[in-house]
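# Descriptive structure summary
Each chain, letter by letter, is given below.
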Amino acid sequence: MDCMSLPRLILTLGDPAGIGPEVVLKALVEPELVQICQLTVIGSRSVLTQTHGQLLAKNPGLNLADPEKINLLEVDHPNLEEVSVGRGDAISGAISFAYLNEAIARTLAGEFAGIVTAPIAKSAWQAAGHNYPGQTEVLASRAGVERFGMAFVGRSPFTGWTLRTLLATTHIPLKAVPLALTPELMDSKLDLLLTCLAQDFGIDKPSVAIAGLNPHSGEEGKLGEEEQNWLIPWLEQARKKYPQAKLIGPIPPDTMWVSPGKAWLTDGQTTVSDAYLALYHDQGLIPVKLLAFDQAINTTIGLPFVRTSPDHGTAFDIAGQGIARADSMIAAIKLAAELVEQRSQPSANHTN
Ligand SMILES: NC(=O)C1=CN([C@@H]2O[C@H](COP(=O)(O)OP(=O)(O)OC[C@H]3O[C@@H](n4cnc5c(N)ncnc54)[C@H](O)[C@@H]3O)[C@@H](O)[C@H]2O)C=CC1
Ligand SMILES: NCC(=O)COP(=O)(O)O
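Summarised in this report is the structure supplied together with it.

Cut-offs used in this document
Residues numbered from 1 in each chain as written. Chains lettered and ligands numbered in written order. Predicted model: local features only at pLDDT ≥ 70, side-chain atom pairs only at ≥ 80, totals over all residues. Heavy atoms only, no water. Core = buried A, V, L, I, M, F, W, Y, C linked by side-chain atoms within 4.5 Å. Buried < 20%, exposed > 50% of the residue type's maximum accessible area, 1.4 Å probe, protein only. Helix = DSSP H or I, 4+ residues; strand = E, 2+ residues; numbered from the N terminus. Domains from an automatic or database assignment. Contact = heavy atoms within 4.5 Å. Near = heavy atom within 4 Å. Polar contact = N/O pair within 3.5 Å; in protein donor to acceptor, adjacent residues only side chain to side chain. Areas by Shrake-Rupley, 256 points an atom, 1.4 Å probe, with all protein chains shown as cover. Phe/Tyr/Trp six-rings, centres within 6.5 Å; stacked < 30°, edge-to-face > 60°.

Ranked by size, the top nonpolar core spans 90 residues in total, and within it Leu9, Met186, Val208, Trp234, Met329 and Ile333 carry the most contacts. When residues in this core are grouped by element, the largest group, 10 residues, is from helix H12 (residues 327-344). When we break this core down by domain, the ones giving at least three residues each are domain 1 (1-145 + 303-352) and domain 2 (147-301). Not counting chain neighbours up to four residues away, the residues in contact with Met186 comprise Ala168, Leu181, Ile210, Trp230, Leu231, Trp234, Leu277 and Leu279. Residues Trp161, Leu163, Val288 and Ala296 belong to the second largest nonpolar core, which totals 19 residues.

Before going further, it helps to examine the site of ligand 2. Taken together, the residues surrounding ligand 2 are Lys122, Gly134, Gln135, Thr136, Met150, Phe152, His171, His281, Leu285, Asn298 and Arg307. Take Thr136: an N or O atom from its side chain is 2.6 Å from an oxygen atom of ligand 2. Arg307 places a polar side-chain atom, nitrogen or oxygen, 2.9 Å from an oxygen atom of ligand 2. In the complex, 88% of the free accessible area of ligand 2, which totals 310 Å², lies under the protein chains.

Per the counting criterion, the structure on display carries four aromatic pairs. Residues Phe97 and Trp125 carry aromatic rings whose centres are separated by 5.0 Å and whose planes lie at 85 degrees to one another, so their mutual orientation is edge-to-face. Of the two residues, Phe97 is situated in helix H4 (residues 90-108) and Trp125 in helix H5 (residues 122-127); the sequence distance between them amounts to 28 residues. Relative to Tyr276, the ring of Trp161 has its centre 6.4 Å away and its plane inclined at 80 degrees; by these criteria the two rings are edge-to-face. With Trp161 in the loop between strand S5 (149-155) and strand S6 (162-167) and Tyr276 in strand S9 (residues 275-278), the pair connects residues that are 115 residues apart, well separated along the chain. When its relative accessible area of 8% is taken as the criterion, Trp161 is described as buried. Tyr276 sits in the buried class, given a relative accessible area of 2%.

In structure tokens form, the structure reads like this:
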């Protein structure tokens, strides 16, 4: 393929005090990337140069991209010199926010088909006065989208099976979860998920496993009432509304992940679903990270453009040491390229 027709992606550096710059420098030496996309990094060349020098001083054998040769859009910031590696604060938060904003502006202007984001720290954003729960909400707000979702996709390196997980609620305190979960919210998330499965993965008749909220899915109201009160009735309605989908649930949350675990690890005779709908952050992300910490990709669904991100955070505890793994960042770039390609094709049938 002519390289000029490859998907154009913009890659943010994330929080300059975290491992974002390091995983970018490591990912950019992955030879396959130049064959599948045109990548432009957005951030500060001085951050990349400083990270490059610091990492090589500690580990001379590291394979890193040359910062001077990276195709980069410079975002200037007056306090760049004050970033302290390993410490997210108001300065690093303001800088990572500026990188993301410029990436969104350029994507909305049509320069790029997808954004890949390195991690930011929510606490650093808050310190800088940017009161968003995460990058997802900024992307949705700037894109003018009210219905969006946080989904995680990972392909098993052992069996090739793909785990797709959507979170019904995301960055809210656990005590707020039962209040946030409503039939309307579930309708919106399920609708987004079914659209994503068809549009991005070519799965028109999916099976979707939906978790319960309480232990044993409430055990007929003895261990919690949400299932009886609205989740089961909502599911019955949803089965009528989406006859093309096989909706399974509410599945007791502890057992929902047994067959995905087997399919991920051993490819046994196990019945799996095309996607898993978890009701809150840790219900979905504990199994995803347990199985797939180096492979999973966070993707925002419902946006008018593609957005992916590694599944890990800023890892301030290891920033500057040279030990951060770039696998999830590489997977995020590859998935973004695949999704852009997929969205530009007429829908194709796909089996998991
Ligand atoms: N997409 C994003 O922007 C995300 C941002 N975060 C943010 O990151 C910050 C830190 O969050 P944590 O919960 O500590 O999660 P984290 O993912 O940053 O770190 C958890 C543990 O995993 C290790 N780790 C993470 N990524 C690694 C990698 N690539 N290679 C090797 N080890 C790695 C860290 O050293 C740490 O021990 C928070 O401010 C959070 O808001 C967290 C998750 C996603
Ligand atoms: N736990 C996932 C996460 O924090 C992703 O947040 P973001 O992509 O919204 O920044």
